[in-house]
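Secondary and tertiary structure notes
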Amino acid sequence: MERLIVNNNTQEVVKKTCEVLSKGGLVIYPTETCYGIGVDATNEKALKKLLKYKKFRGSKPISIAVSSKEMASKYVEINEMAQNIYTNYLPGPITVVSIGKGNLVPPVLSSQGSIGVRIPDYQLTLDIIETYGKPITATSANMSYKSTPYNIDQLRKDLPKKSLDLVDLIIDVGELPKNPPSTVLDTTLNTLSVLRQGKLEFEQAIVQNKKIEQRITKTPEQTTKFGYDFSKQYLSKDIPVVLALSGELGAGKTQFAKGVGEQLGVQEIINSPTYTIINEYKYSDKTLAHMDTWRLMDDELSKSGLIEHLEAKNIVVIEWADKFYQEIRSLCDNMNIKVYNIKFNYLSLSEREITIYEG
Amino acid sequence: MKDRVVLGIDTSCDDTSIAILRGRKVLSSIVSSQLEIHAQYGGVVPNIARREHEKNIQGVFEEALRKAKVGIGDIDCIAITYGPGLAIDLEVGIAFAKELSTKYNIPLLPINHMEGHLLSPLLLNSKGSGLVEGSIDNLFPTLALLMSGKHTEILRVDGIGKYEKLGQTLDDAAGEAFDKVGRILNFGYPGGPVVSEFAKKGKRGEVVFPIPMRNSNDLNFSFSGIKTAALYKSKELREEGRDEKEWVYDFCRGFVNSVYESIAIKLSKAIEQNPSIRGVLVGGGVFNSEEMLRRFGKLVRGYSLEYYFPEKEYRGDNGAMIALVGYLHLENGKEGLLGKELEGLDREPRLSL
């Protein structure tokens, strides 16, 4: 193993590092967050060596470092959300998760087909990657459970000998500032195209439906009141129905659900189900299920517990129902459950237009 | 007598977490996402498929035993979260805990997840150091402020097991509001931590948001109004055609201030309405924001009250806080369920303190 102390020898360091990387070697290198361990991310043999170094357990992925958005775009699909991050906030301590293009393998590629990409805000490292022309792995150089490596001597003390022996080159720039690890942002959930597609399907469906109620509400309380009035007129605790809600963030979906629950006799405060996914509320001898699909991915509706609630003949209110409209629709059709489609539109900061369709 | 050893299990949400405590000392605390290479990202979207509690739980359990250097025979009690949370998640943990209890004849204590967050500041590290090292008898009465992605509530605490909820969110939780504003700013998921980070670089007063619930008399919270305000403000700024980079930091600054202020107003009100309290306990993932932790600390100490907060690794969901509650209940004379008694134990997704 060689230890290169960096002073005015940048060119030499870049050259040497590229040589080591191209031979499948392991390099400890600096970033703005900590010392990382890098191998050529496109070299399977080198990746195996890295896993040995990390004493790898399980199958979780390792992110990559690139020098530019252009390099990233060779390996991942950059959607609108990712585009925003690359353009405005990189290089910087952010790892952007995107769908891979199929030219990288595990452990860089996750089991969901995604890849975490970083552009480190550290000129020397950017120079190395740019010169090398290919991404390198971007994982911190320490073992799991050991402290984040900010200086080489500490790191060498913490590393087991077996791991240290695998290292081919250490780029030592001295003590790094103690910045926290990079923040990971996943851009594969609720992409604009998925949301648009859902909205489109929902809107195509309601064209054929009968519009039964419409109201313009000017306060959250009025939205809740609409939910209450709707429930009073159309719902009965013994008849299972699904209320499929569609509308932007903050459009009043939870406010509407509050009114429904209140009218049915729920005593508790009904609040957002986004994080829990399904909130259950008892009233008389029944259960109201209040669901949000925001954090669910493609095939997860069936695993969420929704089917159990439908089987139990509960009234189910679903926020962001448009994301899974087809699935919800066919589940309900198969089980003979009536669906009301409820659309929330922003008219202004305080005004909402809420329309209810009989499914 | 040697302190009892408690195994704590939490599967109420995104992570499978299991910890082993001796008394209040954490011998091991394993969260499934830690069992990955550092700087992992596979678990970032903590959706159902990636939770995989069923796949994780045995491995996490074994790791917890290994790291604590104890055998299953050393465990005096199992503490298990039975609510609140998503039903299908809770069921996995409960089934696993029942199985362990039956197989090894270890009593099982059902625990409220929120009580875990509430008491999390009382955890000690393996060497026995922490914020409250001596007796906890003189701590109470206190208030507790709990904030996470799922919950935002304020309680009065008169002792272990003696809680009164004073206020809670009427719509979104504070952590959720952060993530949703992150979404409005097109940050990806979870955007909340980035909003906190970016706020550090922003100037105060450049982008101003209303302070939610400023004039309400109760101790409840609401964050959906500020979410709408953020949506409109971002549209406005984008329409002005200014480069996003120019305003986004000030935007985050304004948002964080508004959320902080609105909670601070309620916490102050609660403190003033409860003059007998000696301190304030805080817990939950929102306190991973050092700014939130610091500013609430300043507020609490300004009233000459003690401020109790958990170490960073115990702010998010974890099994250690569940084991801690189990231990403190045992000390209070509560007994775990055994054998036939286990049959009556079921998940309670809407459990509240």
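None of the values given here were measured: they were computed from a predicted structure.

Procedures and definitions
Residues numbered from 1 in each chain as written. Chains lettered and ligands numbered in written order. Predicted model: local features only at pLDDT ≥ 70, side-chain atom pairs only at ≥ 80, totals over all residues. Helix = DSSP H or I, 4+ residues; strand = E, 2+ residues; numbered from the N terminus. Rg over C-alpha atoms; globule rule 2.2 N^0.38 Å. Buried ≥ 20, exposed ≤ 12 C-beta atoms within 10 Å, placed from the backbone. Contact = placed C-beta atoms within 7 Å. Axes fitted to C-alpha atoms, helices over the stretch in contact; angles between N-to-C directions. Parallel < 35°, antiparallel > 145°, perpendicular 65-115°, else oblique. Left-handed = near helix turned anticlockwise from the far one by under 90°. Nonpolar A, V, L, I, M, F, W, Y, C, P; charged D, E, K, R; others polar. Pairing = 2+ DSSP bridges. Domains from an automatic or database assignment.

1. What about the overall build of chain B?
If you tally the helices and strands in chain B, you get 10 helices and 10 strands. For 353 residues, the compact-globule formula gives about 20 Å, and the C-alpha radius of gyration of chain B, at 21 Å, lands near that figure. Here the C-alpha coordinates of chain B stretch approximately 65 × 45 × 35 Å along the principal axes. Buried residues in chain B amount to 57% of all 353 residues. Contacts spanning at least 24 positions in sequence make up 75% of the contacts within chain B whose residues lie at least 6 apart.

2. A short note on the packing of helix 1 (residues 10-22) of chain A against helix 5 (residues 123-132) of chain A
All names here are of chain A. Two elements in contact, helix 1 and helix 5, have axes separated by 9 Å at closest approach and are oriented at 50 degrees. The orientation of helix 1 with respect to helix 5, classified from their angle, is oblique. Crossing of helix 1 against helix 5: the hand is right-handed. In this structure, helix 1 contributes Thr10, Val13, Val14, Thr17, Cys18 and Leu21 to the contact, and helix 5 contributes Leu124, Asp127, Ile128, Thr131 and Tyr132.

3. Observations regarding the packing of helix 5 (residues 174-184) of chain B against helix 7 (residues 224-239) of chain B
All names here are of chain B. Axis separation between helix 5 and helix 7 bottoms out at 10 Å; the angle between their running directions is 15 degrees. Comparing the axis directions of helix 5 and helix 7 gives the class roughly parallel. Helix 5 and helix 7 meet at a crossing whose hand is right-handed. Only Ile226, Lys227, Ala230, Leu231 and Ser234 of helix 7 make contact with helix 5, whose side of the interface consists of Ala177, Lys180, Val181 and Ile184. Classifying every residue of the contact of helix 5 with helix 7 by side-chain character gives six nonpolar, one polar and two charged.

4. With respect to the sheet that holds strand 11 (residues 210-217) of chain A
Neighbouring strands of a sheet are bound in pairs by backbone hydrogen bonds; such pairs are parallel or else antiparallel. Residue and element names in this part refer to chain A. Spatially, 11-17-16-12-15-14-13 is the arrangement adopted by the seven strands of the open sheet, whose pairing is mixed. Each edge of the sheet is formed by a strand with only one pairing partner; in this case those strands are strand 11 and strand 13 (278-283). Within the sheet, the average angular offset between the axes of one strand and its neighbour, ignoring direction, is 15 degrees. Pairing of strand 11 with strand 17 (residues 352-358), which is carried by seven bridges, proceeds in the antiparallel orientation.

5. Focus: the domain arrangement of chain B
Residues and elements named next belong to chain B. By domain assignment, chain B separates into domain 1 (5-131 + 313-344) and domain 2 (142-308). In this complex, domain 1 contributes 13 residues to the contact, which on the side of domain 2 involves 17 residues. Every element with two or more residues in the side of domain 1 that touches domain 2 is listed here: helix 4 (113-119) and helix 10 (319-331). In terms of residue count, helix 4 provides more of the side of domain 1 that touches domain 2 than any other element does, three residues in total. A breakdown of the residues in the side of domain 1 that touches domain 2 according to their chemical character gives seven nonpolar, five polar and one charged.

6. Some remarks on the sheet that holds strand 10 (residues 306-308) of chain B
Residue and element names in this part refer to chain B. Judged by pairing direction, the sheet is mixed, and its five strands sit side by side in the order 8-7-6-9-10 without closing on themselves. Whereas interior strands pair on both sides, the edge strands pair on one side only; in this sheet they are strand 8 (162-168) and strand 10. Taking each pair of neighbouring strands and ignoring which way they run, the sheet shows an average axis angle of 20 degrees.

7. Some thoughts on unusual backbone geometry
For the bond from Leu90(A) to Pro91(A), the omega torsion is 0 degrees, close enough to zero to count as cis. Gly83(B) connects to Pro84(B) through a cis peptide bond whose omega is -10 degrees. Within the secondary structure, Pro84(B) sits in the loop between strand 4 (77-83) and helix 3 (87-104). Positive phi, close to 65 degrees, is recorded for Asn186(B), a residue that is not glycine.

8. Quick word on the pairing of strand 10 (residues 183-186) of chain A
Residue and element names in this part refer to chain A. The two faces of strand 10 match: Thr183 and Leu185 on one face and Val184 and Asp186 on the other face are all buried. Taken together, the four bridges between strand 5 (residues 94-99) and strand 10 define a ladder with parallel strand orientation. Bridge pairing links Val96 to Leu185 in strand 10.

9. Looking at the domain arrangement of chain A
Taken as a whole, chain A is organised into domain 1 (2-186) and domain 2 (192-358). In this structure, domain 1 of chain A and domain 2 of chain A have C-alpha centres spaced 44 Å apart.

10. Considerations on the environment of Ala199(B)
Residue and element names in this part refer to chain B. Positionally, Ala199 belongs in helix 6 (residues 192-201). Counting along the chain gives 76 residues from Ala199 to Leu123, while the straight-line C-alpha distance between them is 30 Å. When sequence neighbours within four positions are dropped, the list of residues in contact with Ala199 reads Cys252, Arg253 and Val256.

11. Side note on the interface of chain A and chain B
With 52 residues of chain A at the contact, the number on the chain B side is 47 residues. Those elements that provide at least two residues to the side of chain A that touches chain B are helix 4 (80-89), strand 5, strand 8 (139-140), strand 10 and strand 13 of chain A. Its residues placed into classes, the side of chain A that touches chain B shows 20 nonpolar, 23 polar and nine charged.

12. Remarks on helix 6 of chain B
A large share of helix 6 of chain B lies buried, amounting to seven of its 10 residues. Within the sequence span of helix 6 of chain B, burial applies to Gly192(B), Pro193(B), Val194(B), Val195(B), Ser196(B), Phe198(B) and Ala199(B). In this structure, the buried residues of helix 6 of chain B make contact with strand 10 of chain A together with helix 5, helix 8 (244-273) and helix 9 (290-302) of chain B.

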